Amino acid sequence: MSKLNKIISKIGVDKVAHFAVGAMIVAFVYILSTGIAEYSNGEKILQTSFVTLFVGAISAIKESNDDKFEWKDILASVLGGLLTVGIVAFTFIF
């Protein structure tokens, strides 16, 4: 078994999926919104941060409807969004 598979099995496929979907939602909204209007770098970071909070809220609503509520799923979704915020902020350096 590869090292990546070991890590994923230790964390759990569900958590990895929450992380990836959270990151993709924030990135998708960022790409759509920056194509419509021109924003300053600070506004772009603020916007992705708010979308990350929105992803956390949607994830919490989704978890409340599941059979078993897991706060770690919400955390994984938010961390995925924060990864996107970090990538957006990092691109302004270069």
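See above for the structure.
(A) A look at the overall build of the protein chain. When helices and strands are tallied, the protein chain shows four helices and zero strands. From first element to last, N terminus to C terminus, the protein chain shows the α and β order α-α-α-α. The principal-axis extent of the C-alpha atoms belonging to the protein chain is close to 40 × 35 × 15 Å. Within the span of the protein chain, comprising 94 residues, buried residues form 28% of the whole. Across the protein chain, contacts joining residues at least 24 apart in sequence account for 68% of those joining residues at least 6 apart. Here the protein chain displays about 6500 Å² of accessible surface, and carbon together with sulfur accounts for 72% of that area. In the protein chain, 8 positive and 8 negative side-chain charges are present, and the distance between their average locations comes to 13 Å.

(B) Spatial organisation of the packing of helix 2 (residues 13–36) against helix 4 (residues 71–91). Direction vectors running N to C along helix 2 and helix 4 enclose 40°, while the axes themselves pass 7 Å from each other. Looking at the two axes, helix 2 sits oblique to helix 4. Of the two elements, helix 2 crosses helix 4, and the hand of that crossing is right-handed. Note on element contacts: helix 4 touches helix 2 through Lys-72, Asp-73, Ala-76, Ser-77, Leu-79, Gly-80, Gly-81, Leu-83, Thr-84 and Val-88, opposite Asp-14, Lys-15, His-18, Phe-19, Gly-22, Ala-23, Val-26, Ala-27 and Tyr-30. Here the residues of the contact of helix 2 with helix 4 sort into nine nonpolar, six polar and four charged.

(C) Looking closely at helix 3 (residues 41–65). Helix length check: helix 3, at 25 residues, gives a terminal C-alpha distance of 37 Å against a target of 36 Å (1.5 Å per residue), a fit within 8%. All of the buried residues along helix 3 are Lys-44, Gln-47, Thr-48, Val-51, Thr-52, Val-55, Gly-56, Ser-59 and Glu-63. Buried residues belonging to helix 3 abut helix 2 and helix 4.

(D) Structural context of a nonpolar patch on the surface. A surface patch of nonpolar side chains, amounting to about 770 Å² of accessible area, comprises Phe-19, Phe-69, Trp-71, Leu-75, Leu-79, Leu-82, Leu-83 and Ile-87. The element that contributes the greatest number of residues to the nonpolar patch is helix 4, accounting for six residues. Along the chain, the position of Leu-82 falls in helix 4. Relative accessible area serves as the criterion here: at 44%, Leu-82 is assigned to the partly exposed category.

(E) Just the environment of Thr-34, in detail. With respect to the helices, strands and loops of the structure, Thr-34 is situated in helix 2. As for Thr-34 and Lys-44, which are separated by ten residues in sequence, their C-alpha atoms are 8.1 Å apart. A distance of 2.9 Å separates the side chain of Thr-34 from the backbone oxygen of Tyr-30, its partner in a polar contact. In terms of polar contacts, Thr-34 uses its side chain to reach the backbone carbonyl oxygen of Ile-31, at 3.3 Å.

Quick notes on the rules
Residues numbered from 1 in each chain as written. Predicted model: local features only at pLDDT ≥ 70, side-chain atom pairs only at ≥ 80, totals over all residues. Heavy atoms only, no water. Helix = DSSP H or I, 4+ residues; strand = E, 2+ residues; numbered from the N terminus. Buried < 20%, exposed > 50% of the residue type's maximum accessible area, 1.4 Å probe, protein only. Contact = heavy atoms within 4.5 Å. Areas by Shrake-Rupley, 256 points an atom, 1.4 Å probe, with all protein chains shown as cover. Lys, Arg positive; Asp, Glu negative; His and termini not counted. Charge placed at Lys NZ, Arg CZ, Asp CG, Glu CD. Axes fitted to C-alpha atoms, helices over the stretch in contact; angles between N-to-C directions. Parallel < 35°, antiparallel > 145°, perpendicular 65-115°, else oblique. Left-handed = near helix turned anticlockwise from the far one by under 90°. Nonpolar A, V, L, I, M, F, W, Y, C, P; charged D, E, K, R; others polar. Expected span 1.5 Å × (residues − 1). Patch = residues over 30% accessible without salt bridge, like charges linked within 9 Å, V, L, I, M, F, W, Y side chains within 5 Å. Salt bridge = Lys/Arg side-chain N within 4 Å of Asp/Glu carboxyl O. Polar contact = N/O pair within 3.5 Å; in protein donor to acceptor, adjacent residues only side chain to side chain.

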